Amino acid sequence: METLRYGNHPDQVVDVTFPPGTTRPPLVVLLHGGFWRVAYDRTHLGAVVDALTTEGVAVANVEYRRVGGGGGWPSTFADVGAAIDAVQVALADRVDLGSVAYVGHSAGGHLALWAAVRDQLPAGAPGRTERPPLVRGVVALAPAADLAAVDRLGLSDGVVRELLGGSPTTVPDRFAATDPAVLGTPAATTVVVHGPLDDVVPVEVARSYCARTGVSLVEVPDTGHFELIDPASAAWPVVLAALRDVLG
């Protein structure tokens, strides 16, 4: 594992892990969840990193500033955009940039979907890019994909309002710049994977996002929130199948 720094803050880092014996492998940009809160960091996806590198892909496990630690609007979004850009520059000669996937879980699933449409953000929005992102596919696992729905449900004690500093009524411009459900369908092949037994981010959030964007939804029977990031679970082969599908 190598650590890439994309800023001066301690959380502006990316851990990059390469599969052994592979030249220019595909790249997964991995975005962790935890409702965007500082209490949760990239280390809880260690087993996912190991499982993905076993599949022959390089993994860039992204850290970013989070609510309670200097994150929220606009820092969290600026960080994710900067991290992805820095990874692609740093690894241009070491991975196949024609086979890049964004994979995220929970709040990280939201960020993966958001990152895939950075060229569709309003002018001046944090993380905006003029060119379409260099990404072939997106796999969003139990994502907080529809921010208005997450806010309406009051998930994690109203965390969306902490993330954005207000409600859809008081800061509509921020929701317009960060909510994948209103930003349009990603150009990259995109799959949402969710469990109907999820009691952290209810599957209705994914259904709402997919209904609005036309993105494919795979519901894994008898599955909750965390099985999707457990390589020992019965749901993990579904996750791998989705990743293979989006990378072609």
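For the structure, see preceding data.
Residues numbered from 1 in each chain as written. Predicted model: local features only at pLDDT ≥ 70, side-chain atom pairs only at ≥ 80, totals over all residues. Heavy atoms only, no water.

### What to know about the layout of surface pockets
As a reminder, the rule being used: A cavity here means a set of 1 Å grid points, computed over protein atoms only, where a 1.4 Å probe fits but cannot escape. A pocket is an open set with protein on both sides within 12 Å along at least 5 of 7 lines, and lining residues have an atom within 4 Å of a point. Grid points are joined across faces, edges and corners, and a volume is the space filled by probe spheres set on the points. Each residue gets one of three labels, nonpolar for Ala, Val, Leu, Ile, Met, Phe, Trp, Tyr, Cys and Pro, charged for Asp, Glu, Lys and Arg, and polar for the others, Gly among them.
Its volume calculated, the largest pocket comes out at about 190 Å³. Forming the walls of the largest pocket are 13 residues, and the residues nearest its centre are Gly-34, Phe-35, Tyr-40, His-225 and Phe-226. Residue composition of the lining of the largest pocket, by class: five nonpolar, seven polar and one charged.

### Structural notes on the packing of helix α1 (residues 46-54) against helix α9 (residues 236-247)
Test applied: To obtain an axis, a line is fitted to C-alpha atoms, over the contacting stretch when the element is a helix, and the angle between two such axes runs from 0 to 180 degrees between their N-to-C directions. Secondary structure elements follow DSSP: runs of H or I of four or more residues count as helices, runs of E of two or more count as strands, with numbering from the N terminus. For classification purposes, angles smaller than 35 degrees are called roughly parallel, those larger than 145 roughly antiparallel, those between 65 and 115 roughly perpendicular, and all remaining angles oblique. Definitions for this section: a left-handed crossing has its near helix turned counterclockwise from the far helix by less than a right angle. A right-handed crossing has that turn clockwise. Two residues qualify as a contact provided that any one of their heavy atoms is within 4.5 Å of a heavy atom in the partner residue.
One way to put it is that α1 packs onto α9 with a least axis distance of 12 Å and a crossing angle of 55°. Considering the angle they form, α1 stands oblique to α9. Note on packing geometry: the crossing formed by α1 with α9 is right-handed. On the side of α1, the interface is formed by Val-48, Ala-51 and Leu-52, while α9 contributes Trp-236, Leu-240 and Leu-243.

### Focus on the nonpolar core
Rules: Residues enter a nonpolar core if they are buried and are Ala, Val, Leu, Ile, Met, Phe, Trp, Tyr or Cys, with the set joined through side-chain atoms within 4.5 Å. Throughout this description, buried means an accessible area under 20% of the type-specific maximum (1.4 Å probe, protein chains only), exposed means over 50%, and partly exposed covers the range between.
In terms of nonpolar packing, the biggest core is built from 58 residues, with Val-14, Leu-27, Trp-36, Val-80, Tyr-102, Val-138 and Tyr-209 touching the most fellow members. Here this core takes six residues from helix α3 (residues 107-115), the largest share from any one element. Membership of the second largest hydrophobic core comes to 27 residues, among which are Leu-30, Val-239, Leu-240 and Leu-243.

### What about the pattern of salt bridges?
The condition is simple: Counted as salt bridges are all cases of a side-chain nitrogen of Lys or Arg within 4 Å of a carboxyl oxygen of Asp or Glu.
What the rule picks out here adds up to 12 salt bridges. Here Glu-63 and Arg-66 are joined by a salt bridge, their closest N and O atoms 2.8 Å apart. On the accessibility criterion, Glu-63 (0% relative accessible area) is buried.

### Some thoughts on the side chain of His-194
For the record, the criterion: Here a polar contact is taken to be a pair of N or O atoms separated by no more than 3.5 Å, where protein atoms must pair a possible hydrogen donor with a possible acceptor and residues adjacent in sequence count only if both atoms sit in side chains.
One can find His-194 in strand β7 (residues 189-194). Looking at His-194, its side chain comes within polar contact range of the side chain of Asp-198, at 3.2 Å. Leave out the neighbours within four places in its chain, and His-194 touches Ala-142, Pro-143, Val-201, Pro-202, Val-203, Ala-206, Leu-217, Val-218, Glu-219, Val-220 and Leu-228.

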